[in-house]
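Here is what each chain is made of, one letter per residue.
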Amino acid sequence: MKSLYNENDALAFIKKYADHPRDLALRVYTSHLLGSNSSLVLHGGGNTSVKLKQKNILGEEDDVIFVKGSGQDLAVIEPEGFTGLNLNSLVKLRRLESITDADMENQLKIHRISAWSPDPSVEALLHAFIPHKYIDHTHADGILILTNQTNGETLISEALGPNVVVLPYIRSGFPLAKVAAEGFEKNPDIDAIVILSHGIFTFAEDARSAYENMIEYVSRAETFIEDRLRGKPVGRRRTGLSSPKTFSSELARCAQVIRGACARPNSGGRPCRYYVEARTAQDLVEASLTEEARLLCNSGVLTPDHAIRTKNRMAYIEHIPEKDEDLKQVVDHAIDAFKEAYQRYFHTCANKIEIDPNELNPFPFLFFVAGLGLIAIGGTRKEARIAADIGERTIRAKLRSITMGSYVPIPEPHVFDMEYWSLQQKKLDRSPPLSLQGQVALITGGGGAIGFGIADRLLAAGAVVVISDIDRNRLQKVYDILTDKYIQSQIEQVIFDVTDYQAVEDAFSEVSRKLGGIDILVPNAGVAHVAKIENLEPEKLDQVMAVNFKGTFTVIRASIPIFKRQGTGGNIVVISSKNVFDPGAAFGAYSASKAGAHQLAKIAALELAEIGVRVNMVNPDAVFGDENVCSKLWEEVGPERMKSRGLDAEGLKEYYCQRSLLKVQVFAEHVGNAVVFFASDLTPTTGAALPVDAGNPSTFSR
Ligand SMILES: [Zn+2]
């Protein structure tokens, strides 16, 4: 590991943050250096601080400590992500024997120099009690591989040398701050403190030295580990076990089953479905096939800070049966065993403490699947990615640790303390989920006006949306507009031809590997052609039928095995047409193909009710799109219609508007709202058609 400190970059930070103290700008710079190294910190792990003098509103100079805000990501933190606190007030707290969580939280609130700054890191008092100007703290893998051994203390001293104090594990917050300060005072010339099963603190009077101390000591640990591992095979391959030959489709199948098995009814404001994040690097797959795989899953986190993101253990799926029913059983069994162990852990640890915490979701967040790798789940894609990132590094570190000698996890009560510590739980996003959060929606014809409108409304309702089309350019345009408006990770695009069943299956498999499955399917792809029957070329009819009718069939058919494996029901909303009820002359191919799709949707409603999948239809009329995303259908048929009615484009819109009962224009987002209504399960409805056409007596249901 090399120092990436560069004087020019440091100056650039000072210039960029000229409105802030120079020392804080440098603090931001080296925090970015630490945060961008994933073997040092991951997702809000680790913390940093700087002490400086700053004038208050009266012009008096105060001693101020800036500490990283709790949960802030060091890789991208800005000066505002640090909380300025009155240093002397915090230092005085050391006189206390102990302090309650509530009192500590209160102290960290009332001694801020700005009421608008975030809650500071739970390690804020440690940063205050150690006198050095710059303090850096990470949960570096290399350090944890050594501390989490039977003779961790000896190994770490041997690897890092005499200028490091090693302390036993003690809970973060006030107890750790006191012990660390005492350790420092007994050895004031040290460069670093290592807390067993937790991580390392380095310090210095300048930003560069504190950072470079971190790099130096973590490098020493890494080199020491490499020396010990040289020539030793990492993990023993289990006989008779290998990766499946059809890796991609098996991964998709497992993801669907796991995702379904973890879904549960809404409780405590949490979403009922989860997103999947799979990790399949070759070494992870190899690790999943070793004799040690089970131990890797059951042996606990590297540092208790990870428990809120990953739980203490992972579930292990030992083999992947061919039949879906058998696979479900294997997954359910693994989940049951995990839940049982989790509940035992919860009750044992909760009985030892005075407060009575509510048990958290007992399901696993990480599944290690023999031959496939790691599958993480999360209520948001971000949560799933964080769990996967930590899980991936944990597996690698533990395997090295076991190969070196042993992996000694921290006792469960310590993990429990951190997992259930209110200040840790506050790091998690607890905002109430949107109505479709946790769900995956796939829309065909996503490059068109209606597809865009549907995607927009489903995104606003919290779903992750996959837009698909055969036209790459049109799809990219819609993708760009949507990613400008919504979080990029909420949107995926996939290109395939709805008339090609194999292409549809492959695309659905890809979506499942990325997200875990599909909950809302919106067959929307459509083409139009204007011709009287006597002039309708048979090949043209085939083309229109292929997209509008067969294209509805292919996606519905390919979704059925996914719905079945998930076992959580779902919604299919077919974008039908006003023409199904009220056909137009010279529009036979379109109207008949849409009528076929509409009828097929009704059949699907009959057949899929038993697996909880509702199938409904939305029947729009005269949706033109806007200047950003125009309707391809109207581009094709509009000129003919305009010609036959002697109108221009605007005139045509007005014509359709005036033709309706309500005399209003129909927009793509109205169609999207209808889809969201059906997808939200607000009424027990299946096999129904909802006109979105501003009112037309010919389409009244009968
Ligand atoms: Zn820590």
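Residues numbered from 1 in each chain as written. Predicted model: local features only at pLDDT ≥ 70, side-chain atom pairs only at ≥ 80, totals over all residues. Heavy atoms only, no water.

Trainee: What's the story with the environment of alanine 605 in this structure? I'm lost.
Mentor: Positionally, alanine 605 belongs in helix H22 (residues 588-608). Considered as a pair, alanine 605 and aspartate 500 are 105 residues apart in the sequence and their alpha carbons are 23 Å apart. Excluding residues within four positions of it along the chain, alanine 605 makes contact with Val615, Thr686 and Gly687. (Helix = DSSP H or I, 4+ residues; strand = E, 2+ residues; numbered from the N terminus. Contact = heavy atoms within 4.5 Å.)

Trainee: I would appreciate a short explanation of the packing of helix H21 (residues 538-566) against H22 in the present structure.
Mentor: How two helices pack is summed up by the angle between their axes together with the distance between the axes. Two elements in contact, H21 and H22, have axes whose closest approach is 8 Å; the angle formed by their N-to-C orientations is 15°. As summarised for this structure, H21 and H22 are arranged roughly parallel, according to the angle between their axes. With respect to the hand of their crossing, H21 and H22 are arranged in right-handed fashion. Side by side, H21 and H22 meet where Leu541, Val544, Met545, Asn548, Phe549, Thr552, Phe553, Ile556 and Ile560 of the first sit next to Ala589, Tyr590, Ser593, Lys594, Gly596, Ala597, Leu600, Ala604 and Leu608 of the second. (Axes fitted to C-alpha atoms, helices over the stretch in contact; angles between N-to-C directions. Parallel < 35°, antiparallel > 145°, perpendicular 65-115°, else oblique. Left-handed = near helix turned anticlockwise from the far one by under 90°.)

Trainee: Got a minute to help me understand the nonpolar core in this structure?
Mentor: Soluble globular proteins: nonpolar side chains tend toward being buried together. Ile143, Leu146, Leu160, Ile200, Phe368, Ile395 and Met404 are the most contacted members of the largest nonpolar core, which has 70 residues in total. Ranked by residue count, the leading element in this core is helix H9 (residues 207-229), at 11 residues. If near-sequence neighbours (up to four positions away) are discounted, isoleucine 200 is found in contact with Asp136, His137, Thr138, Ile143, Leu160, Ala192, Ile193, Val194, Met214 and Tyr217. The next biggest cluster of nonpolar side chains, apart from the first, holds 69 residues, and it includes Leu176, Ala181, Cys262 and Trp421. (Core = buried A, V, L, I, M, F, W, Y, C linked by side-chain atoms within 4.5 Å. Buried < 20%, exposed > 50% of the residue type's maximum accessible area, 1.4 Å probe, protein only.)

Trainee: What should I look at first to understand the pairing of strand S16 (residues 570-575) in this one?
Mentor: In summary, the side chains of a regular strand alternate between the two faces of the sheet. For S16, the buried fraction is high: 6 of the 6 residues fall into the buried class. Of the two faces of S16, the one holding Gly570, Ile572 and Val574 and the one holding Asn571, Val573 and Ile575 are both buried throughout. Relative to S16, strand S15 (residues 520-522) runs parallel, the two being bridged by 2 bridges. Its bridge partner lying in S16, isoleucine 520 is registered against asparagine 571. With H21 bridging S15 and its parallel neighbour S16, the resulting β-α-β unit is right-handed. Pairing analysis gives 6 bridges linking S16 to strand S17 (residues 613-620), with the strands arranged parallel. When the bridges of S17 are listed, valine 574 appears paired with methionine 617. (Pairing = 2+ DSSP bridges. Right-handed = clockwise from strand over helix to strand, strands pointing away.)

Trainee: Looking at this model, I keep getting lost on helix H20 (residues 501-515). Mind explaining?
Mentor: Working note: α-helix, 3.6 residues per turn, so residues spaced by three or four point in the same direction. For H20, spanning 15 residues, the distance from its first C-alpha to its last is 21 Å, which sits close to the expected 21 Å at 1.5 Å a residue. All of the buried residues along H20 are Val504, Ala507, Phe508, Ser509, Val511, Ser512 and Leu515. For H20, the N-terminal capping position is held by aspartate 500, with its side-chain oxygen 3.2 Å away from the main-chain nitrogen of glutamine 502. Of the residues flanking the end of H20, it is glycine 516, one or two places downstream, whose phi is positive at about 110°. (Expected span 1.5 Å × (residues − 1). Polar contact = N/O pair within 3.5 Å; in protein donor to acceptor, adjacent residues only side chain to side chain.)

Trainee: How do you make sense of the coordination of the zinc ion when you look at a structure like this?
Mentor: Any two of four tetrahedral donors ideally make an angle of 109.5 degrees at the metal, while pairs among six octahedral donors ideally make 90 or 180 degrees. Bound to the zinc ion on the protein side are His137 (NE2), His139 (NE2) and His198 (NE2), at distances that span 2.1 to 2.2 Å. Positions of the donor residues of the zinc ion along the chain correspond to the pattern H-x1-H-x58-H. Here histidine 139 is found in the loop between strand S4 (134-138) and helix H6 (141-147), whereas its partner histidine 198 is found in the loop between strand S6 (192-195) and strand S7 (199-204), with 59 residues between them in sequence. A residue is classified by how much of its surface remains accessible, and histidine 198, at 3% relative accessible area, is buried. (Donors = N, O, S within 2.8 Å, 3.2 Å for Na, K, Ca; no water.)

Trainee: Where do I start with the side chain of asparagine 47 in this structure?
Mentor: By secondary structure assignment, the location of asparagine 47 is in strand S1 (residues 47-55). Side-chain polar atoms of asparagine 47 contact the side chain of histidine 127, separated by 2.7 Å. Filtering out sequence-adjacent residues up to four positions away, asparagine 47 remains in contact with Lys68, Leu74, Ser121, Glu123, His127, Ile135, Asp136, His137 and Phe201.

Trainee: Mind showing me how you'd approach the sheet that holds strand S11 (residues 373-378) here?
Mentor: The strands making up a sheet associate through backbone hydrogen bonding, with each pair oriented either parallel or antiparallel. Strand order in the open sheet formed by 4 strands is S8-S11-S10-S9, and the pairing between neighbours is mixed. Taken across any chain shown, the strands that pair with only one partner, and hence form the sheet edges, are strand S8 (275-279) and strand S9 (315-317). Within the sheet, the average angular offset between the axes of one strand and its neighbour, ignoring direction, is 25°. Inspection of the sheet shows S9 paired to strand S10 (residues 366-369) by 3 bridges, in the parallel sense. Directly across from isoleucine 317, in S10, lies its bridge partner valine 369.

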